Amino acid sequence: MHSIMQQPFKNAVLILVWGWLLFLVLAPNLLVVGASVMTRDPVSFLSLPLNLDAYRQLFDPLYLDVFLHSLYMAAMTTLVCLLIGYPFAWALSKVGKQRQLVLIFLLIVPFWTNSLVRTYALKLILATNGLLNSALMSIGLIDEPLQLLYTEGAVIIGLVYLLLPFMILPLYSVFEDLKQELLLASHDLGAGRLSTFVHVIVPLTLPGVLAGVMLVLLPAMGLFFVPDILGGSRNLLVGNVIKNQFLDARNWPFGAAASIVLTVTMAFLMFAHRLSKRRIGEEGA
Amino acid sequence: MTKWLPRTYLTLVYLLLYVPIVVLVVFSFNESRTGYAWGGLSLRWYESLFNNRAMVTAMWNSLWLALSAATVSTVIGALTALALHRYRFRGKKLLNGMLFVVMMSPEIVLAISLLALFLLVGLQLGYVSLLLAHVTFCLPFVVITVMARLSGFDESLPEAARDLGASDFTMTRTVLIPVIMPALLAGWLLGFTLSLDDVVVSTFVSGPSYEILPLRIYSMVRVGLKPEVNALGTLLLVFSLVMLMLSQWILIRSKR
Amino acid sequence: MKKLALAGLLAVGLTGCSSEEPQVLNLYNWSEYMPQEVLDRFTEETGIQVVYTTYDSNEAMYARLKLLDDSAAYDLAVPSTYYVSKMRQEDLLLPIDRSKIEGFDNLDPELVNLDIDPENQFSVPYLWGTTGLAVDTADIEGEPVTAWEDLWEDRFDGRVMLTNDMREVFHVGLRVLGYSGNSTNPDEIEAAYEKLAELMPSVRTFNSDAPRMPYLEGEADVGMIWNGEAVMGKDTMESLEYVYPEEGIIAWLDSFVIPKNAKNPEAAHQFISFVLQPEISALISEEIGYATPNLAARDLLPDEVANNRASYPNATDMINAEFQTDIGDDALQVYAKYWEMLKSGR
């Protein structure tokens, strides 16, 4: 069916894209893996011998603490996004078609706006002399300004604000796909509302939940500028640690090992996502 | 079921999403320098923005970078999507999977790996390194956008064209390209915006010879409250709003 | 229509590439460490455009210069005291051609020919300054703050700001314990870490981009600050005082250096000479509040600047003052580890 003329075109395209991915994705990532098992060198960044010191350093109780704290903040961010996003996506899927389009549009407008600038705008609101404190004080709810900026809470608020749409969109799409018949069937069989929710809706929306978690949790560990602006250079994320190791402390093996932690987390989440999708596929069949 | 509850909830969340943006826009017209209090209407921050030569240079650099990154990634991405859609070849699943992984990878991982590569091959950090990096993270998004369009596309059309004696090239030009055009534009606009917004990757792979806007903004917001940032943010907001409406309009129009 | 769009794109491409490149000087400097007016006047006079890129710590500057080693295009950087010797010894700098520098003789004899760079072959002093205590007297009640030690008091819970500078923060911890701020003894560093860890619950933020801002924004009332920042901050907030702590201030000297791979060392020399003009040096000291090592410039300063104790300390202020020195890479790693623990601690 395909003419011979196509062959060179097809080959050219494949060579181009494979070349790009091999050279700019695979090779660099292998370099990072390589860097993580090398030895720190004050002059040329990396040197032999190969060893696992960088990984051992990750489990140094001190650094472990940093990672756990970062993970905690990322997990909180994800949880808050899920708690806000799940009912939001549900409510959104129940709105009329025409209005839905407008609402989705409104949801992605912030996403298309510069994220640094939006983080900065949060600072205007959360600062001690900022708008929130002024508002609360003027209506007499508080006498003293609250310390909101430069806290763990401020970092989480910033991350939630930047990442919420990434939780809502995959959730919305699974709610859209939810088979109405399944719900009806479950009702006919006499299941109550809560039982329908637990046994039908939750499992069916699980892939959406996991996709959302993946899209939120990973960036929530990497967006180093959020703690820089809202966290007072405290409340560090894994991203800050990686950035410091590469751009300040010059401990490349350790920075590389830290970034592999992120990659492994990603692989784990992707695996879970696939698994949940497959299970639903089987049940549906 | 009561309808007001979900509606109130939706409204509330939208309100939270938009309050910071509204604050930003309103304060960009604030005369007062010291931040939070209202000091009267003024355009002075816009003025000081455009009088700052380094800022204007960074703006042009960023626009040029976004333009070229979006274009290159659209070309490569569209070709890849076509290949994935039309051809069978070994490693097709792997290619798909790899693009997915690139899309999901935390930006910081991409950033340091590219930095390591550029240093190893001795590429000067500047426009070229930024371009390569930006194209890399835009690529999967373009592929997905175009693939989505192609999968909804009636396979009988190219067959019919071929039956009528059209060559493969003509068929591609007259049937396929018009069909995926909206997706190309949407993908291009997405790439453009991603590139313009990127801080994480650019922090690592930019050099002194090519300063771009996000890094300029980053150093400004770290210094503290700068009313110029409000003005700049408002401009960027308007700009991306126009881009977004354009892409939505293209997509919606193409569906009819 | 399509052709038109294509033509438009091409036109953009052409203007993007073909515009004639003016001469450029890539200046890598601390943030807010050079008045815009100076850069503008330099461009006006020489036609050379200055691209001003900033860093917020010596470590970041040093790491970036090393990183960009072969491809770097920074023509001028401004490391602090001991980083000059470190970079000089590691062969990261170009020697400065004294025949191309005008006005070197104006520099304070006490600030040239130092151990960090004998005979100033690689560096020309730009500004010197101190890191001391900042106190917002409007928001502080009770006894006046006179020592680093005072930061540990309960009344400042959640109101303390530190610079985002590893060496400086540990300097404070070490001095409070009576050690040298340049200690390389791991036990002393650990003790300083323990001491600083006690302070952490009180610390609201770290800032080295503009240490005056947290005070001006009302986020902090007391803590560390650079003297120039204190002077600039007082312009907006009268109640911001600069205090010389009893344990002694941290002193430093920032110098111009030309990185090894500078693309335009010629312009770098020109820029150094430009800044060394007494009138320009005076302007800089007046605008950003740090002390100029340029004696000829000091004569030109208005009295209120020359007599400002924050900018120009007197002899008693400098008692116990300590310059930072190079402590070597091994000690630096010890500091770095505790530093990260400190910043991530709750």
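The name that an unreviewed UniProt entry assigns to chain C is Putrescine-binding periplasmic protein, with the source organism given as Marinobacter flavimaris. Per UniProt, chain C carries the Sequence similarities (unreviewed entry) text "Belongs to the bacterial solute-binding protein PotD/PotF family." Checking UniProt for chain C, the heading Function (unreviewed entry) contains the comment "Required for the activity of the bacterial periplasmic transport system of putrescine."

Under an unreviewed UniProt entry, the name given to chain A is Spermidine/putrescine ABC transporter permease PotB, and the organism recorded is Marinobacter flavimaris. Looking at chain A in UniProt, the text filed under Subcellular location (unreviewed entry) is "Cell membrane".

Colleague: Quick one: what's the story with the sheet that holds strand 1 (residues 24-30) of chain C, residue by residue and with numbers?
Modeller: Residue and element names in this part refer to chain C. The strand order across the open sheet formed by three strands is 2-1-3, and the pairing between neighbours is parallel. Every interior strand has two partners, whereas the edge strands, strand 2 (49-55) and strand 3 (76-77), have only one. Examined bridge by bridge, strand 1 and strand 3 share two bridges and lie parallel to one another. Following the sheet pairing, Tyr28 is matched in strand 3 by Ala77.

Colleague: Requested: an account of the environment of Tyr210 of chain B, with residues and values cited.
Modeller: Residues and elements named next belong to chain B. Locating Tyr210 in the fold gives a position in the loop between helix 9 (200-205) and helix 10 (213-223). Judged by its relative accessible area of 11%, Tyr210 is buried. Taking the C-alpha atoms as reference points, Tyr210 and Asn61, separated by 149 residues in sequence, lie 7.0 Å from one another. Setting aside anything within four residues of it in sequence, one finds Tyr210 in contact with Asn61, Trp64, Leu65, Gly126, Tyr127 and Leu130. Polar contacts involving the side chain of Tyr210 include one to the main-chain carbonyl oxygen of Asn61, which spans 3.0 Å.

Colleague: Please give an account of the packing of aromatic side chains that cites residues and values.
Modeller: The relative placement of two aromatic rings is captured by the distance of their centres and the angle of their planes. This structure, assessed with the given rule, holds 28 aromatic pairs over all chains. With a centroid separation of 4.8 Å and an interplanar angle of 70°, the aromatic rings of Tyr28 of chain C and Tyr55 of chain C are classed as edge-to-face. Separated by 27 residues along the polypeptide, Tyr28 of chain C in strand 1 and Tyr55 of chain C in strand 2 bring together distant segments of the chain. A relative accessible area of 3% means that Tyr55 of chain C is categorised as buried. Measuring from centroid to centroid gives 4.9 Å for Tyr82 of chain C and Tyr83 of chain C, while their planes differ by 50°, and the two rings are tilted. The buried category is assigned to Tyr82 of chain C, whose relative accessible area is 2%. Residue Tyr83 of chain C is classed as buried on the basis of its relative accessible area, which comes to 0%. In textbook terms, an aromatic cluster arises when at least three aromatic residues are bridged by ring pairs, as seen for Tyr33, Phe42, Tyr126, Trp252, Phe256, Phe271, Phe274 and Tyr290 of chain C. For the cation-ring pair, Arg118 of chain A lies above Tyr161 of chain A, with the distance from its terminal atom to the ring centre recorded as 5.6 Å. Positioned above the aromatic ring of Tyr218 of chain B, the side-chain terminus of Arg222 of chain B is 4.8 Å from the ring centre.

What counts, and where the lines are drawn
Residues numbered from 1 in each chain as written. Chains lettered and ligands numbered in written order. Predicted model: local features only at pLDDT ≥ 70, side-chain atom pairs only at ≥ 80, totals over all residues. Heavy atoms only, no water. UniProt positions renumbered as here; feature names shortened; annotations may be inferred. Pairing = 2+ DSSP bridges. Helix = DSSP H or I, 4+ residues; strand = E, 2+ residues; numbered from the N terminus. Buried < 20%, exposed > 50% of the residue type's maximum accessible area, 1.4 Å probe, protein only. Contact = heavy atoms within 4.5 Å. Polar contact = N/O pair within 3.5 Å; in protein donor to acceptor, adjacent residues only side chain to side chain. Phe/Tyr/Trp six-rings, centres within 6.5 Å; stacked < 30°, edge-to-face > 60°. Lys NZ or Arg CZ within 6 Å of the ring centre and 35° of its normal.

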